[in-house]
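As a plain string of letters, each chain reads:
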Amino acid sequence: MMKKKSIPASKPFLILFLCQIISALDVPLDSKLLEELSQPPTITHQSPKDYIVDPRENIVIQCEAKGKPPPSFSWTRNGTHFDIDKDAQVTMKPNSGTLVINIMNGGKAEAYEGVYQCTARNERGAAISNNIVIRPSRSPLWTKEKLEPHHVREGDSLVLHCRPPVGLPPPIIFWMDNAFQRLPQSERVSQGLNGDLYFSNVQPEDTREDYICYARFNHTQTIQQKQPISVKVFSTKPVTERQPVLLTPTGSTSTKVELRGNVLLLECIAAGLPTPVIRWIKEGGELPSNRTFFENFKKTLKIIDVSEADSGNYKCIARNTLGSVHHVISVTVKAAPYWITAPRNLVLSPGEDGTLICRANGNPKPSISWLANGVPIAIAPEDPSRKVDGDTIIFSHVQERSSAVYQCNASNEYGYLLANAFVNVLAEPPRILTPANKLYQVIADSPALLDCAYFGSPKPEIEWFKGVKGSILRGNEYVFHDNGTLEIPVAQKDSTGTYTCVARNELGKIQNEVHLEIKDPTMIIKQPEYKVVQRYGQVSFECIIKHDSTLLPTVIWLKDNDELPDDERFLVGKDNLTIMNVTDKDDGTYTCIVNTTLDSVSASAVLTVVAAPPTPAIIYARPNPPFDLELTGQLERSIELSWIPGDENNSPITHFVIEYEDGLHEPGVWHYQTEVPGTQTTVQLKLSPYVNYSFRVVAVNKIGRSQPSEPSEQYLTKSASPDENPANVQGIGSEPDNLVITWESLKGFQSNGPGLQYKVSWRQKDVDDEWTSVIVANVSKYIVSGTPTFVPYEIKVQALNDLGYAPEPSEVIGHSGEDLPMVAPGNVQVHVINSTLAKVHWDPVPLKTVRGHLQGYKVYYWKVQSLSRRSRRHVEKKILTFRGNKTFGMLPGLEPYSSYKLNVRVVNGKGEGPASPDKVFKTPEGVPSSPSYLKITNPTLDSLTLEWGSPTHPNGVLTSYILKFQPINNTHELGPLVEIRIPANESSLILKNLNYSTRYKFYFNAQTSVGSGSQITEEAVTIMDEVQPLYPRIRNVTTAAAETYANISWEYEGPDHANFYVEYGVAGSKEDWKKEIVNGSRSFFVLKGLTPGTAYKVRVGAEGLSGFRSSEDVFETGPAMASRQVDIATQGWFIGLMCAVALLILILLIVCFIRRNKGGKYPVKEKEDAHADPEIQPMKEDDGTFGEYSDAEDHKPLKKGSRTPSDRTVKKEDSDDSLVDYGEGVNGQFNEDGSFIGQYSGKKEKEPAEGNESSEAPSPVNAMNSFV
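Structure report, in brief. These numbers come from a predicted model, not from an experiment. (Residues numbered from 1 in each chain as written. Predicted model: local features only at pLDDT ≥ 70, side-chain atom pairs only at ≥ 80, totals over all residues. Heavy atoms only, no water.)

## A short note on the overall build of the protein chain
Test applied: Segments assigned H or I by DSSP are reported as helices when at least four residues long, segments assigned E as strands when at least two residues long, and all are numbered from the N terminus. Residue exposure (1.4 Å probe, protein chains only): buried if accessible area is under 20% of the type maximum, exposed if over 50%, otherwise partly exposed. Contacts are residue-level and defined by heavy atoms, with any inter-residue pair within 4.5 Å sufficient. Using the Shrake-Rupley algorithm and a 1.4 Å probe, accessible areas are obtained, with residue cover drawn only from the displayed protein chains.
Tallying secondary structure elements over the protein chain gives 5 helices and 92 strands in all. The 1268 residues of the protein chain split such that 43% are buried. Of all intrachain contacts in the protein chain linking residues separated by at least 6 positions in sequence, the fraction that spans at least 24 positions is 66%. When the accessible surface of the protein chain is summed, it comes to about 66,800 Å², and 51% of that surface belongs to carbon and sulfur atoms.

Structure representation (structure tokens):
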């Protein structure tokens, strides 16, 4: 803001005081002036104080400065002169002090470590840069160390130390696994500020072998990896809970020093079970709300932009349900120096006084030292005009030789500040910076400000004159500002004229003329008035203005101080605003604003919309067609069409559609031309040559379209040569010796005249041939014959007619026809990676022999035979295609221990080339599949017989079978595991010396030289010499699955009249089991409404027997297909047979009942001696007798409640009767109550599953596979 010279008489002492302080010159920011004035150097750009460089790249140390004359530059290194001319690796940029040290051509960054300082010097002084410390970044490797696995008890704490190598700058630490995924962190597991990984308590899921600490060195863009750390968590029951203990920091108190402005980070990590929660407080104060953040699950307290007020004691409290622990951190905030008042440049005139002030603060208080031109002021050349007083330099009666650059250094133990400030003593004659003859235009009765920007040293005096020979201006009607501006507070017409500004000092005088014009004000002589209008009516506001003839006004209308709605009902005229078809939303205030370059005026009026009086019902209809079409202004390529609208029929016309007919090419067919708004009745239409035009107009309103108008008169445009050429020109050969050139023909009137033809031109690319051309009729294809196979051609197609050619067309590149590739890929090599994967390599064929666009390579491969069975089978060739110019590929899905052949062929757009010679390769052995079955028969008191089938897929030469078994006690706990190795040529084994009446669980798998295959499991029980009561059990659950249903059948042993139910669900799902009740005592059930192609789990239970159900079975639905299992439950002959059997049983029961009532005795004892109790006899699958106490349908592991304990057998009683003797005719298929226990459906043979699914202690065999 300008300062006026008029001074109140009551404050002369204040002005005198200010004049003593503010005595320096203000140099205007005029680029031309600044280029001419002498000026000491000023550092404009420099590298940071602590400069860490990449040792692989050139070192660039910045030092830029300005001055008049331009400064020269020199450098010191470690306090001594650095002669860059003697070091070939160091150069200085032209017109700059920036150093470039060439590291990339042999230099060593370590050789240039040190402290650098730049000096910029000219005849008026020397400025210096900060001390720039150059250090190359370092990213050292991790020291090798042997890391022992961590064995930790569940619930204990654990710290995994990172200890990264010391780098420059320090690295960023993070933890990942072998798959390069960040390890998840939580309140329980988190990374500390030092990079270590802390576990407040470990859980079994923390067991893993790939805890890897990574250090990322951002400066060199490198990442170093520590050796993986293994953690194994072992469980103890029960897990002991622990109260919190701090892992870091240790002890009860610690201290922390941080610098002002930095980020304060405080950390507390605690161990304990349950996981402790961390809380932070500041003793005797509050945490700063807008600068405090909690990180790392509140284990880290972060305060940004700290100040001395943040010093104090910070307490972290770790708490869980068992107690708490705390730690107090005493924080002290120190401060590197920071500016209070930095010294500022001084520009003085000879004989003037001035001061340089340098004030800084810090903790501890910084010391202030001065330098002059880079030299400590104590040893610098003396200057009688200079006096140093602590943080101030006082200058008195300066002379030109007093010009210099002064440096202020404020330093304490935490850093320093260095500032350059020059004293520039100038003796300059006056200069006027305002352009000569500048024109000022002002509205009458407004203030006028006439500029006279100036500079001089000593400061010039300014005087103003009016006219060429006018007297000096004085008086209250003028105000003179310190910056030279003349203000006329109220400019009148007679103020117009030329004004002269004169600037003088002891070194000279200069003047400048400016011109002032006074303009008439803009006025609204007829303002808009308040209006009341009925709804759907019309209203108009006037705004008539008067303005200075030399000014151009613009008129803007506003509604409620905003832009007018974008609605064609609002029509803005020269002096008015008209609103058509007024609606309620048009209610409001309308403002007319008139603007010129010098002033602005406005006026407003209110519009009130009221309801219209009742009127008869309005009939709305489509508009009548326009009429009286007239063509005017006929030109070769345009014409003007006008018409008269028909009746709107109470619905305004929104737009008109103009259509045309081409009577020359398509008579009777009308085409869309354009459309115009409903307020427009003329249109300028663009025309094409050689068209006989007729036009018609259709009116459109909200109801619909009118009938077309009558056609206009016809207008035939003159013919012309085509304006455009065919599009989509292509050249693609269909045979090896031709080139088919195609294009899109011009449509309709694009021909611009009669006789449309095409000039087709071609020549072979990159061959010095002339163009071959042919002119063809109006077609879209031309075939060039006799071409070489697959060579590039330049092609162009140009349109022409009887009047001439179209513009020169652009060229496209095409190719003649492709032929099959000539040669096969060579040097085919196969590298077998593992038993199921191989990598094939080949040499690419020469591109010339491809004879077409190379699309890729195809690898044909097929299995010749299995090396284990030596049996050939139907050869099924497989094909893999590798796109582009690839020379290798992977062959997945191979079968182990097999012989394969392959060949490779190159493919182009025509087809495949010849095959390479067949390459034979063999896959190594793999692990076998599980044995095809395991049966346990012939149980005795101390032995069991095992029979098995060899694996379906041996995948190699079987070396042996591995049998593991262990007893199961009454509480379903597993006993010690016994392992037996069986020769590969065996298929059965009798296990002896077993415990009587004991259940055993068996695990069986095959082995090759590679390793063990999948195992199957089975359970069986040895017999005892006495019969005990039969415990109920459900066994042999089998399934026969179709696409949407499955037949479930089972065998039941137990009390009579059990009510069964079937539970099922999707395999692997955590959803609740679905339950279906089985009607009666049937031992089969049909599950319906299943989803095709889905794996299900199923089990059978009996109502009233708590926790009693079968083991789980898994089956999969699918498309209906033939199966080894036949569902006979729905067959008519089976139902008849069952009825006959039931009748026979009924007769037998009646006979038995009659004999019992007659008092007859059965020779039970003798019969039982001759025939062992069926409950403890082997139940063979072919004779139906009882025996093996296991789930024979599926090799499922033991579950609670799913097996009958081995000790729940039936006691013999001599007085009991028995029906065993009567069951011999049907192979013992009757229980003692006479009920039929046979299975209603065939047994489905399942693939054996591996794994122990017992709900008790897990099996020692590590189960990896299960049914899907």
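## Focus: the state of the cysteines
Basically, it comes down to this: Cysteine sulfur pairs qualify as disulfides if the two atoms are within 2.5 Å.
Overall, the coordinates contain 6 disulfides when judged by the stated rule. Each sulfur in the disulfide pair Cys-162 and Cys-213 lies 1.9 Å from the other. Handedness here is read from the sign of the S-S torsion; for Cys-162 and Cys-213, about -70°, the answer is left-handed. Note that Cys-162 is positioned in the loop between β13 (158–160) and β14 (172–176) and Cys-213 in strand β17 (residues 208–217), a separation of 51 residues in sequence. Here Cys-162 and Cys-213 have matching classes, each one buried. Note that Cys-543 is cross-linked by a disulfide to Cys-592, the S-S spacing being 1.9 Å. Residues Cys-543 and Cys-592 share a disulfide whose torsion about the S-S bond is about -70°; that sign makes it left-handed. Here Cys-592 lies in strand β55 (residues 588–595) and Cys-543 lies in the loop between β49 (539–542) and β50 (544–546), a separation of 49 residues in the sequence. Given the relative accessible area of 0%, Cys-592 is considered buried.

## Regarding the sheet that holds strand β37 (residues 415–425)
Our working definition: A pair of strands is considered paired only if DSSP assigns at least 2 bridges between the two.
With respect to topology, 5 strands assemble into an open sheet ordered β29-β37-β36-β32-β33, the strand pairing being mixed. Across the chains shown, the open sheet's two edge strands, defined by having one partner strand only, are β29 (346–348) and β33 (375–376). Two elements, strand β36 (residues 404–412) and β37, share 9 bridges in a ladder whose sense is antiparallel. By the bridge assignment, Tyr-406 is partnered in β37 with Ala-421.

## Let's talk about the sheet that holds strand β61 (residues 682–686)
Selection criterion: For helices, the axis comes from a line fit to the C-alpha atoms of the stretch in contact; other axes are also lines fit to C-alpha atoms, and the angle between any two N-to-C directions lies between 0 and 180 degrees.
The strand order across the open sheet built from 3 strands is β57-β58-β61, with neighbouring strands paired in antiparallel fashion. Each end of this open sheet is capped by a strand with a single partner; those strands are β57 (627–632) and β61. Strand after strand, the sheet turns through a mean of 25° between neighbouring axes, direction not considered. Looking at chain direction, β57 and strand β58 (residues 638–644) are connected through 4 bridges and run antiparallel. Bridge pairing links Thr-632 to Glu-640 in β58.

## Here we look at the nonpolar core
The criterion, for reference: Residues grouped as a nonpolar core are buried Ala, Val, Leu, Ile, Met, Phe, Trp, Tyr and Cys residues, joined through side-chain atoms within 4.5 Å.
Ile-59, Ile-61, Trp-75, Ile-101, Tyr-116 and Ile-134 are the most contacted members of the largest nonpolar core, which has 30 residues in total. For this core, the element with the most residues is strand β9 (residues 114–122), which contributes 3 residues. Excluding its chain neighbours within four sequence positions, the residues that come into contact with Tyr-116 are Ile-61, Trp-75, Thr-76, Arg-77, Phe-82, Ile-101, Asn-130, Asn-131, Ile-132 and Ile-134. By size, the runner-up hydrophobic cluster in this structure holds 21 residues, among which are Leu-486, Ala-491, Cys-501 and Ile-518.

## Examining unusual backbone geometry
Here Leu-168 and Pro-169 are connected by a cis peptide whose omega angle stands at -10°. Turning to its location among the elements, Pro-169 is positioned in the loop between β13 and β14. Looking along the chain, the bond that leaves Lys-237 and enters Pro-238 is cis, with omega of -10°. Note on placement: Pro-238 falls in the loop between β19 (229–234) and β20 (242–248). Even without being glycine, Lys-298 reaches a positive phi, approximately 70°. As for its position among the elements, Lys-298 is in the loop between β25 (292–295) and β26 (300–303). Its identity is not glycine, yet Asn-938 carries a phi of approximately 50°, on the positive side. Summarising the element assignment, Asn-938 is placed in the loop between β79 (931–937) and β80 (944–951).

## Observations concerning the pattern of salt bridges
Convention followed: When a carboxyl oxygen of Asp or Glu is within 4 Å of a side-chain nitrogen of Lys or Arg, the pair counts as a salt bridge.
Summed over the entire model, instances satisfying the criterion amount to 37 salt bridges. A salt bridge links Lys-493 to Asp-520; the nearest nitrogen and oxygen atoms lie 3.3 Å apart. With Lys-493 in the loop between β44 (486–488) and β45 (497–505) and Asp-520 in the loop between β46 (508–519) and β47 (523–526), this pair connects stretches of sequence that are 27 residues apart. Residue classification places Asp-520 among the partly exposed positions, given a relative accessible area of 35%. Residues joined by salt bridges that share partners form a network here, namely Arg-153, Asp-156 and Arg-242.

## Comments concerning the packing of aromatic side chains
Aromatic ring pairs are reported here in terms of the distance separating the ring centres and the angle at which the planes meet. What counts here: Any two rings among Phe, Tyr and Trp, with Trp reduced to its six-membered ring, count as a pair given centres within 6.5 Å; such a pair is stacked if its planes are under 30 degrees apart, edge-to-face if over 60, and tilted if neither. Two conditions define a charge sitting above a ring: the NZ of Lys or the CZ of Arg must be within 6 Å of the ring centre, and it must be within 35 degrees of the ring normal.
As enumerated under the stated definition, the model contains 22 aromatic pairs in all. Arranged with centres 6.1 Å apart and planes meeting at 65°, the rings of Phe-965 and Tyr-1000 form a pair that is edge-to-face. With Phe-965 in strand β81 (residues 960–968) and Tyr-1000 in strand β84 (residues 999–1007), this pair connects stretches of sequence that are 35 residues apart. Assigned by exposure class, Phe-965 and Tyr-1000 land together as buried. Between the aromatic rings of Tyr-1064 and Tyr-1096, the centroid separation amounts to 6.5 Å while the plane-to-plane angle is 55°, which identifies the pairing as tilted. Placement of Tyr-1064 in strand β88 (residues 1060–1066) and of Tyr-1096 in strand β91 (residues 1095–1102) is noted, with a sequence separation of 32 residues between them. When sorted by exposure, Tyr-1064 lands in the same class as Tyr-1096, which is buried. Linked through ring pairs, Phe-174, Phe-180 and Tyr-214 together constitute an aromatic cluster. Between the NZ or CZ atom of Lys-886 and the centre of the ring of Phe-888, over which it lies, the distance is 4.8 Å.

## Comments concerning the pairing of strand β31 (residues 359–363)
Of the two faces of β31, the one lined by Ala-360 and Gly-362 is fully buried and the one lined by Arg-359, Asn-361 and Asn-363 carries no buried residue. As paired strands, strand β28 (residues 323–341) and β31 are joined by 4 bridges and run antiparallel to one another. Across the sheet, residue Tyr-338 finds its bridge partner in β31, namely Asn-361.

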